[in-house]
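Understanding the architecture of this molecule
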Amino acid sequence: MVSCDLLIENAMLATMDESERNALPYGEIANGGVAISGDRIAWVGAMSELSSRFREDAASILDAKGRWVTPGLIDCHTHLVFAGDRAREFEMRLQGASYEEIARGGGGIASTVKATRRATDEELFSGASKRLSTLQSFGVTTVEVKSGYGLDVETELRMLRVARRLGTEHPVAVRTTFLGAHALAPEYVADRSGYIDLICETMIPKVMDEGLADGIDAFCEGIAFTPDECERIFAAGTQYGLPIRVHADQLSDSGGAALAARVGAVSADHLEYASEAGIEAMAKSGTNAVLLPGAFYFLGEEQAPPVDVLRSQGVSIAIATDLNPGSSPINSPLIAMNMACVLFGLNPEEALCGMTRNAAKVLGMSGDRGVLREGSCADLVLWDIDHPSELSYWIGPNPCGAVVQAGVLKSS
Ligand code: NIG
Ligand code: FE
């Protein structure tokens, strides 16, 4: 018989489970309960259907007192590990310089690369650790972390080791992504293909020798890499079975969405300038969209991603913070959800789905995370709210009351 280590009772459940019988918005179950056994959800449903054995056997019981419970939030696109900040560039942009002009002038990603190369492992870890703790305080239980501020073999490896260490020292699930193709390394300005060779022939094999990456990403953009260059890199990643992500069509229509579809990417991220044909191709290849409203907001962009086309094509939409020092210094998943609603026209249910069920798809964790369902990992959040739309509504306050991470209750 399945043991019950923790029973949460008298909760309003936003299961986010589309297979949920009642098919209410948010997969709602009023006056519900969740029985947890080890790190798994053993039962979820209405209290009226709770089997007496779960209640009798429960090692501990948490009365949610009518509070809302959702799956743990999943931030599926971050650049959490970096050194320094780009506040001076923020000032320059406010005086009229564009993100692209700053990047072409040697600032932008390159300036964070300088700071990151200089930082010790301990400095990288402690900065990222603080940011991760903040995300966790807002209910994040799974986070993706990219490399891409090293752009040399050793610093890319160091960033990914730090990301792995975050997952062992924080009670949070960490997925790592190798992003050696974030920008051209300064040593290779006159030898683009030399840098691509370095990525394919040296960085990827070394990263995979140490088991440091769960996925591979590239920035497909005028100021970064062409679709052809990205394709070479993805081909090398595919040899190791790495799922592909693409920074696609953020600042211009660079053919990123079509590229993502062509290479069978699990996601195309940003997509402000994605063409209709690109989105149609994504729909056919089953490529997920990841929208990053923090970068859109912070860069003062004017063209929003084609959300209506994504919807009509049935492309799954995830939302993430894109937490990074240059384009999205946003340390809150809830603010990203608010921005997705206000700036991109999502509704609060789509925004929460984008930070739970749909984000799990992007990280290859569909069904296991991002939903409250029997057999899923017991990652969930108790919120001090009257309705889940509030998660996208408040700007700043933190209604996170308690988090259960892999079956362990962290605070209440
Ligand atoms: O996702 N677009 C490329 N990469 C980041 C920006 C990184 C930076 O400016 O440091 C992004 O927005
Ligand atoms: Fe990014």
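Below is a short write-up of the structure.

About the criteria used
- Here the residue numbers are simple positions, counted from 1 along each chain's written sequence.
- To read the labels, note that chains go from A and ligands from 1, taken in the order they are written.
- Given that this is a predicted model, residues contribute local features only at a pLDDT of at least 70 and side-chain atom pairs are listed and counted only at 80 or more, while totals for whole chains, interfaces and linings are drawn from all residues.
- Hydrogen atoms and water are omitted, and side-chain values are computed over all heavy atoms in the structure.
- Donor atoms are limited to N, O and S found within 2.8 Å of the metal ion, a distance that becomes 3.2 Å for Na, K and Ca. With water left out, some sites might look partial.
- Every helix listed is a DSSP run of H or I at least four residues long, and every strand listed is a run of E at least two residues long, numbered separately from the N terminus.
- With a 1.4 Å probe rolled over the protein chains alone, any residue whose accessible area is under 20% of its type maximum counts as buried; one over 50% counts as exposed, and the rest are partly exposed.
- When at least one non-hydrogen atom of a residue lies within 4 Å of a molecule or strand, that residue is treated as near it.
- We define a polar contact as two N or O atoms separated by no more than 3.5 Å, with the added condition that, inside protein, one atom must be a possible hydrogen donor and the other a possible acceptor, whereas residues neighbouring each other in sequence contribute only through side-chain atom pairs.
- Under the convention adopted here, Pro, Cys and the residues Ala, Val, Leu, Ile, Met, Phe, Trp and Tyr are nonpolar, Asp, Glu, Lys and Arg are charged, and Gly plus all remaining residues are polar.
- Any two residues whose heavy atoms approach within 4.5 Å at even a single point are treated as in contact.
- For two strands to be treated as a pair, DSSP must find no fewer than two bridges joining them.
- To get an axis, fit a line to the C-alpha atoms, keeping to the stretch in contact for a helix; angles then go from 0 to 180 degrees between the N-to-C directions.
- A pair of sulfur atoms, both from cysteines and within 2.5 Å, is called a disulfide here.
- Our angle categories are set so that under 35 degrees counts as roughly parallel, over 145 as roughly antiparallel, 65 to 115 as roughly perpendicular, and the remainder as oblique.
- Should the near helix be turned anticlockwise from the far one by less than a right angle, the crossing is termed left-handed; should it be turned clockwise, right-handed.
- Within 6.5 Å between ring centres, the rings of Phe, Tyr and Trp (the latter by its six-membered ring) count as paired, and their orientation is classed by plane angle as stacked under 30 degrees, edge-to-face over 60, tilted in between.
- Either the NZ atom of lysine or the CZ atom of arginine qualifies as a charge over a ring when it sits within 6 Å of the ring centre and within 35 degrees of the ring normal.

1. Focus: the coordination of the iron ion (ligand 2)
With distances of 2.1 to 2.4 Å, the protein atoms coordinating the iron ion (ligand 2) are H77 (NE2), H79 (NE2), H247 (NE2) and D322 (OD). In the primary structure, the donors to the iron ion (ligand 2) are separated according to the pattern H-x1-H-x167-H-x74-D. Separated by 170 residues along the polypeptide, H77 in the loop between β6 (73-75) and α2 (87-94) and H247 in strand β10 (residues 244-248) bring together distant segments of the chain. We classify H77 as buried; its relative accessible area is 0%.

2. Quick word on the site of ligand 1
Neighbouring ligand 1 are 15 residues, the closest being Y99, Y149, H182, Q250 and S327. Side-chain polar atom of Y149 to an oxygen atom of ligand 1: 2.6 Å apart, as the coordinates give it. For ligand 1, an oxygen atom lies 3.0 Å from a polar atom in the side chain of H270. Along the lines of polarity and charge, the residues of the shell around ligand 1 split into four nonpolar, nine polar and two charged.

3. Considering helix α4 (residues 109-118)
Residues spaced three or four apart along an α-helix face the same direction, because each turn holds 3.6 residues. The complete set of buried residues in α4 reads I109, T112, V113, A115 and T116. Buried residues along α4 sit in contact with α3 (99-104), α5 (121-137), α6 (153-169) and β9 (215-220).

4. Side note on the sheet that holds β10
In space, the eight strands of this open sheet follow the order β6-β7-β8-β9-β10-β11-β12-β13, with parallel pairing throughout. Looking at which strands have only one partner, the edges of the open sheet turn out to be β6 and β13 (317-319). Taking the axes of each pair of neighbouring strands and ignoring which way they run, one obtains an average angle of 25° across the sheet. Of the pairings in the sheet, the one linking strand β12 (residues 288-291) to β13 comprises three bridges and is parallel in character. Each bridged residue has a counterpart across the sheet, and for V290 the counterpart in β13 is A318.

5. A word on the state of the cysteines
Per the stated rule, a full pass over the model turns up zero disulfides. There is no disulfide at C200, and the cysteine sulfur nearest it, in C230, is 11 Å away. Under the relative-accessibility criterion, C200 is labelled buried at 16%. Cysteine C341 is unpaired, with the sulfur of C353 as its nearest cysteine sulfur at 12 Å.

6. As for the pairing of strand β14 (residues 380-383)
With burial as the criterion, each face of β14 is covered, one bearing L380 and L382 and the other bearing V381 and W383. Pairing geometry for strand β5 (residues 68-71) and β14, over four bridges, is antiparallel. Residue pairing for β14: V69 is matched across the bridge by L382. Bridge analysis of β14 against strand β15 (residues 400-405) gives four bridges, and the strand direction is antiparallel. By the bridge assignment, V381 is partnered in β15 with V403.

7. Remarks on the packing of α5 against α6
Between α5 and α6, the shortest axis-to-axis distance is 10 Å and the interhelical angle comes to 50°. In terms of orientation, α5 lies oblique with respect to α6. Helix-helix and strand crossings are classified by hand; for α5 and α6 the assignment is right-handed. Contacts between α5 and α6 involve D121, E122, L124, F125, A128, S129 and L132 on the former and, on the latter, R158, V162, R165, L166 and E169. Of the residues in the contact of α5 with α6, the class split is six nonpolar, one polar and five charged.

8. Some thoughts on unusual backbone geometry
Phi at M16 is positive, roughly 55°, even though this residue is not glycine. For M16, the location among the structural elements is in the loop between β1 (6-14) and β2 (28-37). The class for M16 is buried, based on a relative accessible area of 2%. Its identity as a non-glycine residue notwithstanding, D322 has a phi of 60°, on the positive side. Looking at the element boundaries, D322 is found in the loop between β13 and α13 (333-344).

9. Some words on the packing of aromatic side chains
A complete count under the given rule lists seven aromatic pairs for this structure. For the pair F82 and Y149, a centre-to-centre distance of 6.4 Å together with 75° between the ring planes defines the contact as edge-to-face. With a gap of 67 residues between them, F82 in the loop between β6 and α2 and Y149 in the loop between β7 (140-146) and α6 connect regions that are remote in the sequence. Take F82: its relative accessible area is 8%, and that puts it in the buried class. For Y149, a relative accessible area of 2% gives the class buried. Stacked on the ring of F82, the Lys or Arg R131 has its end atom at 3.7 Å from the ring centre. Directly above the ring of F125 sits R165, whose terminal nitrogen or CZ lies 3.7 Å from the centroid.

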